[in-house]
Amino acid sequence: MKKTILLIDIISHETMHIPFNEGYIRTMRSAFPDDEIIFAATAGHIDNMDQNLTEEFNIKMVKIPNLRDLLKGKSPHSPFFSLPAAKKCWSNVQTLAQGRSIRLASILGSIGPVIHTFSRKWNKSYSGELHFIQHDQFARVNSWRSKNPIIKYFDYLSVLRRGLPERQKLIVLELGLKEMLSKYAPKLIPSILTIEHPVLESEWLLAKPFNSSEPINVGFVGHCGKGKGFDKFLSLAEKFSGDKYKFFAIGKSNIRPEDNLSLQGLTVLPSDGYLPRKNFIDLLNQIDIICLPLPVNQSFVSSGSIIDAFAGLKPLIITENQSLNAIQDKYGEFGKIVKNQDELDTFFDEFSAKDFIDNMQKWQSTLKNIRKFRSEKELGKVIAQEVK
């Protein structure tokens, strides 16, 4: 009987995680060219995806309600609301799996109650593997945990600390995250699998030629808000914008009135609403380097902004975390990793067009190797070895 792979996104809204989902679908097709692949997500999300996936990669798209729809405005933190919603998600999985031989089901957006519900039911129902894909859940639970013992029992970290049964894996999408998680949830160690975040090949750019007589274009990419370090980027722009540097904000503005941030150092302002992916890539193509002064909570996240740097061959000037160190240890230098804001200031003060030219070839060579390894074909080989 033909095998089926279910890729189910129960969390993403219309424009969320689209590059990852498209890359993951293509990677799965590369890994399993003869399997039936079904991708299920909310209607708006599917409508915004590359419609060529359906025919070119033979993907069946199915529209389902996401977790937010099922919660109907109730808190996902409360198990009194999230457990019933998780059971409805499970019912949707059963409907998709009915009459099929499931090789793998990958669940994107797995909060604690979803993992609790699915992990208890899966092995009794199916012989294939179950993957829970981690995006920012670990960062969220590290920034806030309820003191209520019932709510805490079902939160993401508590569920992970109880471990997962055989044939079930937690997928982390960046190097260094497995080691970080292992310290918090030792029982989970045998069930953690690192699949490096795919770099969508359709978004790969050629290396941008650099004109040393012009300013270095420095970009911040992704959600432009305090939680992503955009406030620190604006501080750099205010200090250093001029003949030596121009600063671009490429992404949607998440600035609140109470943040009291000045945009006067920017050449390109953040978008007031959703920035279409084509426009995003066009702006990405104009910059020379990406600067991400990431806050501490981003240490627990596989950052899509870093993936944009890999896709665009843009050297990164970025604050240190364990994932960045692990990437550099594996692949080599891809820019400059700094420890804090003072080191960022020193870098931009001392860096020159000559320094950029001297390092550009080395940095871009590393970036090419990273995105080659994270291409659909190469990651497909990794997944094919892990999933039988």
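Just above sits the structure.
Attention here is on the structure that accompanies the text. As the structure is a prediction and not an experimental result, all values here were calculated from the model. (Residues numbered from 1 in each chain as written. Predicted model: local features only at pLDDT ≥ 70, side-chain atom pairs only at ≥ 80, totals over all residues. Heavy atoms only, no water.)

1. A closer look at the overall build of the protein
Phase 1 of the analysis: Regarding its fold elements, the protein presents 17 helices and 12 strands.
Phase 2 of the analysis: Rg of the C-alpha trace for the protein: 21 Å, near the compact-globule value of 21 Å for 388 residues, within the 12% margin.
Phase 3 of the analysis: Based on the C-alpha atoms only, the size of the protein along its principal axes is roughly 65 × 50 × 35 Å.
Phase 4 of the analysis: Residue pairs at least 24 apart in sequence account for 74% of intrachain contacts in the protein once pairs closer than 6 positions are excluded.
Phase 5 of the analysis: When the accessible surface of the protein is totalled, it reaches about 17300 Å², and 49% of it is carbon and sulfur. (Helix = DSSP H or I, 4+ residues; strand = E, 2+ residues; numbered from the N terminus. Rg over C-alpha atoms; globule rule 2.2 N^0.38 Å. Contact = heavy atoms within 4.5 Å. Areas by Shrake-Rupley, 256 points an atom, 1.4 Å probe, with all protein chains shown as cover.)

2. Quick word on the packing of helix α1 (residues 18-31) against helix α17 (residues 376-386)
Angle between the axes and distance between the axes: these two values describe a pair of packed helices.
Phase 1 of the analysis: Viewed as axis vectors pointing N to C, α1 and α17 meet at an angle of 60°, and their least axial separation amounts to 7 Å. In terms of their interaxial angle, α1 and α17 are classed as oblique. Like other packed secondary-structure pairs, α1 and α17 cross with a definite hand, here right-handed. In contact with G23, Y24, R26, T27, M28, S30 and A31 of α1, α17 contributes E376, K377, L379, G380, I383 and A384. (Axes fitted to C-alpha atoms, helices over the stretch in contact; angles between N-to-C directions. Parallel < 35°, antiparallel > 145°, perpendicular 65-115°, else oblique. Left-handed = near helix turned anticlockwise from the far one by under 90°.)

3. Some thoughts on the environment of L83
Phase 1 of the analysis: Locating L83 in the fold gives a position in helix α5 (residues 79-97).
Phase 2 of the analysis: On a C-alpha basis, the gap between L83 and E320 in space is 37 Å, while along the polypeptide they are 237 residues apart.

4. Some details on the sheet that holds strand β7 (residues 192-194)
Phase 1 of the analysis: Sheet architecture is open: seven strands sit in the order β3-β2-β1-β4-β5-β6-β7, paired in parallel fashion. Taken across any chain shown, the strands that pair with only one partner, and hence form the sheet edges, are β3 (59-63) and β7. Each neighbouring strand pair of the sheet contributes to a mean axis angle of 25°, computed without reference to strand direction.
Phase 2 of the analysis: The pairing of strand β2 (residues 36-41) with β3 spans five bridges and is parallel. Opposite F39, over in β3, you have M61 as the bridge partner. (Pairing = 2+ DSSP bridges.)

5. Observations concerning the pairing of strand β9 (residues 245-250)
Phase 1 of the analysis: Burial within β9 is extensive, with five of its six residues counted as buried.
Phase 2 of the analysis: Taken together, strand β8 (residues 216-221), helix α11 (residues 230-240) and β9 constitute a β-α-β crossover, and its handedness is right-handed. (Buried < 20%, exposed > 50% of the residue type's maximum accessible area, 1.4 Å probe, protein only. Right-handed = clockwise from strand over helix to strand, strands pointing away.)

6. Structural notes on a positive patch on the surface
Phase 1 of the analysis: Together, K87, R120, K121, K124 and R162 line one region of the surface with positive charge.
Phase 2 of the analysis: The dominant element in the positive patch, judged by the number of residues it contributes, is helix α6 (residues 112-125), at three residues.
Phase 3 of the analysis: Tracing the backbone through its elements, the reader meets K121 in helix α6. (Patch = residues over 30% accessible without salt bridge, like charges linked within 9 Å, V, L, I, M, F, W, Y side chains within 5 Å. Salt bridge = Lys/Arg side-chain N within 4 Å of Asp/Glu carboxyl O. Lys, Arg positive; Asp, Glu negative; His and termini not counted. Charge placed at Lys NZ, Arg CZ, Asp CG, Glu CD.)

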